[in-house]
Amino acid sequence: MQRLQVLKETFFGLDAVQQQLAVGSAVAAGGILAYLMLRRSEVKSIPLGEGWWGAGEKPLLEDDKVYPFKVQTSDEEIKDLHERIDRARYSDALEDGGFHYGFNSTHLKKVVSYWRHEFDWKKQVSVLNKYPHFKTKIEGLDVHFIHVRPPHRENQKVLPLMLVHGWPGSFYEFYKILPLLTENQDGLAFEVICPSIPGYGFSDAPRKQGFDSLATARVFLTLMERLGFSQFYLQGGDWGSLITTNMAQMKPQCVKGLHLNMLNSTRGFKVLMSLMIGPYLPFLVGLNREDVRRLFPFFEKNVWEILRESGYFHIQATKPDTAGCGVNDSPVGLAAYIMEKFSSWTDLSNRNLMDGGLERKFSLDDLLTNVMIYWTTGSIVSSMRFYKENLKSNPNNRIDAKTGIFVPTGLAAFPHELMHCPKSWARIRYRNIYSYTFMPRGGHFAAFEEPQLLADDIIQFVKKVEK
């Protein structure tokens, strides 16, 4: 009580200017203290949870060994494919329709003719097997992955890095970037792990409902632990972006750095103000000229364009099995469904071209190899279900959507990505951004399209973190 009286007498003994300074200092100190308390109380991780996704009841013990795996094919498999291709039925293409209505059937016939008569699946299987493949059982599922170690060199620092694909891609997307990451870069090289999301390619499909990105993140964290890695880097785009983000939220102490080439913008007052003021005074809301060029006019680029390109999304998020049965039965239907995304998602202007611009960035062998991974494993339906599992309820109400990401983060913003997320928006969730790069070219399938650009950005990010 005496101390309060002394403070009171001291305060009223000051002149007016000194009183204002004292009040201002107290308010500022209180604000800083409140901010620090809020930061301390903010949740910085999410629960791991648990699950079992195999058929039947969970056994008491699960085999945790890692087994070598090899991609294989047979004459019977290829014969069946050719017979189905030969029975394909096509519709007539619209004149000058390009790829605006989907995969142009006139060009589809040319692609399928190459597939039937020139594509060598046995040769591509050998290409797939150039890197070591493995499987291990986690939560009832055989999880497939490739594991590539760098050549041994003296005084070389080797860092583990997991690369995670999305839909309709596969681990094969990373085959061109792998040699760039495993070669020595100023004494630095990566030991790379590329898993197949369960339900995709050579990983088992979940047999129970509910296998979402959180379950995938936990499975992949178990995989890294099983391989002996206590700390590692992560990289992802498409679903891989969400999965690796969830991994960083679950075990931030294990994730040395998170690098993404796709992230969705968040809602909120800051984003709203950016949309209102950004076109006119971008610097006031944390945008620069390149942000403005990529974002605006906002409704045309980020609402109408997304509506034009997201029909598949609504189908797969609601009734994936209905749409999936057709493309699982028809190789031509499957090729059209998958390869159309490698046209428009690489560059929306490709829709104006009769050939969809498919071979501007990719070879037909590469595109068809990715299709064959889905065809030979019969995994298109289970891969489509991943949308349903992640969107059964409002994703903004999930625990991961309400939790920040605090690990060092690097973001590569490719100009033809479906949606642009400015750095100022990314900071709302990703609280520790080490690097943000406006990439000079490229679209959604970054590692497949521009392996050198993506590798360079990953390496510069990791070097910043390691310093």
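Every chain's residues receive numbers from 1 upward, in the order its sequence appears when written. The predicted nature of this model means local features are confined to residues of pLDDT at least 70 and side-chain atom pairs, given and counted, to a pLDDT of 80 or more, with totals for whole chains, interfaces and linings taken over all residues. Here the side-chain values reflect all heavy atoms present in the structure, with hydrogen atoms and water set aside.

Going by an unreviewed UniProt entry, the chain carries the name Epoxide hydrolase and comes from Sparus aurata. The Function (unreviewed entry) comment attached to the chain in UniProt states, word for word, "Biotransformation enzyme that catalyzes the hydrolysis of arene and aliphatic epoxides to less reactive and more water soluble dihydrodiols by the trans addition of water." UniProt positions are given in the numbering used here, feature names are shortened, and annotations may be inferred rather than shown by experiment.

Whenever I open this one, the overall build of the chain confuses me. Can you help?
When helices and strands are tallied, the chain shows 20 helices and nine strands. Projected onto the principal axes, the alpha-carbon positions of the chain cover approximately 95 × 55 × 50 Å. Accessible area is worked out with a 1.4 Å probe on protein chains only. A residue is then buried under 20% of its type maximum, exposed over 50%, and partly exposed in between. Going through the 467 residues of the chain one by one, you find that 51% of them count as buried. Any pair of residues with heavy atoms lying within 4.5 Å of one another is described as a contacting pair. Summarising the internal contacts of the chain: among those between residues at least 6 apart in sequence, 79% fall at separations of at least 24. Within the structure as shown, the chain displays about 22900 Å² of accessible surface, and the carbon and sulfur contribution to it stands at 55%. Placing the 55 positive and 51 negative side-chain charges of the chain at their respective mean positions leaves the two points 6 Å apart. Secondary structure is summarised from DSSP: a helix means a run of H or I of at least four residues, a strand means a run of E of at least two, and numbering begins at the N terminus for each. Note on areas: Shrake-Rupley with a 1.4 Å probe; residue coverage comes only from the protein chains shown. Neither His nor the chain ends is counted toward charge; the positive residues are Lys and Arg and the negative residues Asp and Glu. Lys charges are placed at NZ, Arg charges at CZ, Asp charges at CG and Glu charges at CD.

Looking at this structure, I do not really get the pairing of strand 4 (residues 157-164). What am I missing?
Two faces, one strand: in a regular strand the side chains alternate between the faces of the sheet. In terms of burial, strand 4 is largely enclosed, as six of its eight residues are buried. The criterion for strand pairing is that DSSP finds at least two bridges linking the strands in question. Bridge count for strand 4 against strand 5 (residues 188-195) is six bridges, and the pairing is parallel. By the bridge assignment for strand 5, Leu161 is matched with Val192. Note: strand 4 against strand 6 (residues 232-236), four bridges, orientation parallel. Note on strand 6: the bridge partner recorded for Leu161 is Tyr233.

Even after reading the chapter, I still don't get the pairing of strand 7 (residues 255-260), so can you show me in this structure?
Extensive coverage of strand 7 is indicated by the burial of five of its six residues. Strand direction decides the pairing type here: strand 6 and strand 7, joined by five bridges, are parallel. Paired with Leu234 across the two strands is Leu258, which belongs to strand 7. Taken together, strand 6, helix 8 (residues 239-250) and strand 7 constitute a β-α-β crossover, and its handedness is right-handed. Strand direction decides the pairing type here: strand 7 and strand 8 (residues 409-413), joined by three bridges, are parallel. Across the sheet, Leu260 pairs through a bridge with Leu411, a residue of strand 8. Note on handedness: a clockwise path from strand one over the helix to strand two, with the strands aimed away from the viewer, defines a right-handed crossover.

Which parts of the structure should I look at to understand the nonpolar core?
Soluble globular proteins tend to bury their nonpolar side chains together. Throughout this description, the term nonpolar core refers to a set of buried Ala, Val, Leu, Ile, Met, Phe, Trp, Tyr and Cys residues connected via side-chain atoms within 4.5 Å. Grouped together as the largest cluster of nonpolar side chains are 130 residues, with contacts concentrated most on Trp167, Leu181, Phe190 and Met339. Those residues in contact with Leu181, other than ones at most four positions away along the chain, are Leu161, Leu163, Ala189, Phe190, Val192, Ala455, Ile458 and Ile459.

Looking at this structure, I do not really get the environment of Met247. What am I missing?
Within the secondary structure layout, Met247 lies in helix 8. Along the sequence, Met247 and Phe220 sit 27 residues apart, while their C-alpha atoms lie 7.9 Å from each other. Ignoring any residue separated from it by four or fewer positions in sequence, one finds Met247 in contact with Met162, Ala217, Phe220, Leu221, Phe232, Leu234 and Val255.

Looking at this structure, I do not really get the UniProt feature "active site" (unreviewed entry) in the chain. What am I missing?
UniProt annotation of "active site" (unreviewed entry) refers to Asp238, Tyr387 and His444 when read in the numbering used here. Within the element layout of this structure, Asp238 appears in the loop between strand 6 and helix 8. In this view, Asp238 contacts Gly166, Trp167, Met262, Trp345, Tyr387 and His444; residues no more than four positions away in its chain are not counted. Secondary-structure assignment places His444 in the loop between strand 9 (433-438) and helix 19 (446-449). Residue class for His444 comes out buried when judged on its relative accessible area of 5%. Residues within four places of His444 in sequence aside, it is in contact with Asp238, Asn261, Met262, Trp345, His416, Glu417, Leu418 and Glu449. Within the structure, His444 has its side chain in polar contact with the side chain of Asp238 (distance 2.7 Å). Side-chain atoms alone can form a polar contact between residues adjacent in sequence; in general such a contact is a pair of N or O atoms within 3.5 Å, and within protein one must be able to donate a hydrogen while the other accepts it.

Sorry if this is basic, but what is going on with the domain arrangement of the chain here?
Bring the parts together and some accessible area is lost; that lost area is often taken as the interface size. On domain assignment, one finds that the chain holds domain 1 (1-40) and domain 2 (66-466). Between the C-alpha centres of domain 1 and domain 2 there is a distance of 54 Å. Here the bounds of each domain stem from an automatic or database domain assignment.

Looking at this structure, I do not really get the UniProt feature "domain: Epoxide hydrolase N-terminal" (unreviewed entry) in the chain. What am I missing?
According to UniProt, the "domain: Epoxide hydrolase N-terminal" (unreviewed entry) feature falls on residues 67-174. For residues 67-174, helix accounts for 31% and strand for 23%, while the C-alpha atoms at its two ends are 22 Å apart.

Mind showing me how you'd approach the confidence of the model for the chain here?
Low-pLDDT stretches of the model should not have their predicted coordinates read in fine detail. Confidence of the predictor in every single residue is expressed as pLDDT, which spans 0 to 100. Averaged over every residue, the pLDDT of the chain is 91; the share at 70 or more is 91%. Here residues 1-12 scores under 50 on pLDDT; set against residues more than four positions off or in separate chains, the count is four contacts. The low-confidence segment residues 17-41 (pLDDT under 50) makes eight contacts with residues lying over four places distant or belonging to another chain.

What am I meant to see in the pattern of salt bridges here?
Here the idea is simple: oppositely charged side chains can pair when their charged atoms come close. In what follows, salt bridge is the name for a side-chain nitrogen of Lys or Arg lying within 4 Å of a carboxyl oxygen of Asp or Glu. Following the criterion strictly, the structure yields 26 salt bridges and no others. One salt bridge connects Glu300 with Arg308, and the closest N-O pair in it is separated by 3.2 Å. Assessed through its relative accessible area of 33%, Glu300 is described here as partly exposed. Accessibility expressed as a relative area gives 47% for Arg308, which makes it partly exposed. Salt-bridge contacts for Glu305 lead to Arg351; the nearest nitrogen and oxygen are separated by 3.1 Å. Of this pair, Glu305 sits in helix 11 (residues 298-309) while Arg351 sits in the loop between helix 14 (331-344) and helix 15 (358-361), placing them 46 residues apart in sequence. Like Glu305, the residue Arg351 is buried in the burial classification. In the salt-bridge network here, residues are joined through shared partners; they are Glu300, Glu305, Arg308, Glu309 and Arg351.

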